[in-house]
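Residue strings, one per chain:
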Amino acid sequence: MEEAADGDWVVRRLTGAATGKTYRCPGCDQEIRPGTPHLVTWPAYPRDSDLDPWDTGSAADRRRHWHGTCWQSRGHRR
């Protein structure tokens, strides 16, 4: 889990080796092509609750695929 100013996040690093799909990074709006290392993130807790953490399946609709540098600089974007 990663704690940040915008909340607590589950962050998984993917090597890209098992990726067969193209994703769109929400940070830069560019494609993340198959085989590209990147991050998959989702909120660690349900919105407005710090009681029960999300499990991987329950947060599937909130997962986003990011370039590593875009994820790191997300707090600096306007």
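Preceding this paragraph is the structure being described.
Residues numbered from 1 in each chain as written. Predicted model: local features only at pLDDT ≥ 70, side-chain atom pairs only at ≥ 80, totals over all residues. Heavy atoms only, no water.

Some remarks on the side chain of His38
By secondary structure assignment, the location of His38 is in strand S5 (residues 38-43). When its relative accessible area of 3% is taken as the criterion, His38 is described as buried. At 2.9 Å, the side chain of His38 forms a polar contact with the backbone oxygen of Thr36. Side-chain polar atoms of His38 contact the side chain of His65, separated by 3.0 Å. Contacts of His38, omitting those with residues within four sequence positions, involve Arg12, Arg13, Leu14, Thr19, Tyr23, Ile32, His65 and Trp66. (Helix = DSSP H or I, 4+ residues; strand = E, 2+ residues; numbered from the N terminus. Buried < 20%, exposed > 50% of the residue type's maximum accessible area, 1.4 Å probe, protein only. Polar contact = N/O pair within 3.5 Å; in protein donor to acceptor, adjacent residues only side chain to side chain. Contact = heavy atoms within 4.5 Å.)

Description of the pattern of salt bridges
Scanning all chains against the criterion turns up three salt bridges. The salt bridge involving Arg33 is made with Glu31; its shortest N-O contact spans 3.4 Å. Given a relative accessible area of 54%, Arg33 falls into the exposed group. By relative accessible area, which is 35% here, Glu31 ends up partly exposed. (Salt bridge = Lys/Arg side-chain N within 4 Å of Asp/Glu carboxyl O.)

Comments concerning the environment of Gln30
Within the secondary structure layout, Gln30 lies in the loop between strand S3 (23-24) and strand S4 (31-32). Through-space distance from the C-alpha of Gln30 to that of His67 is 9.1 Å; in sequence the pair is 37 residues apart. In this structure, Gln30 is in contact with Tyr23, Arg24, Cys25 and His67, ignoring residues within four places of it in sequence.

Things to note about unusual backbone geometry
We note that Asp29 has phi near 65°; this positive angle belongs to a residue other than glycine. For Asp29, the position within the fold is in the loop between S3 and S4.

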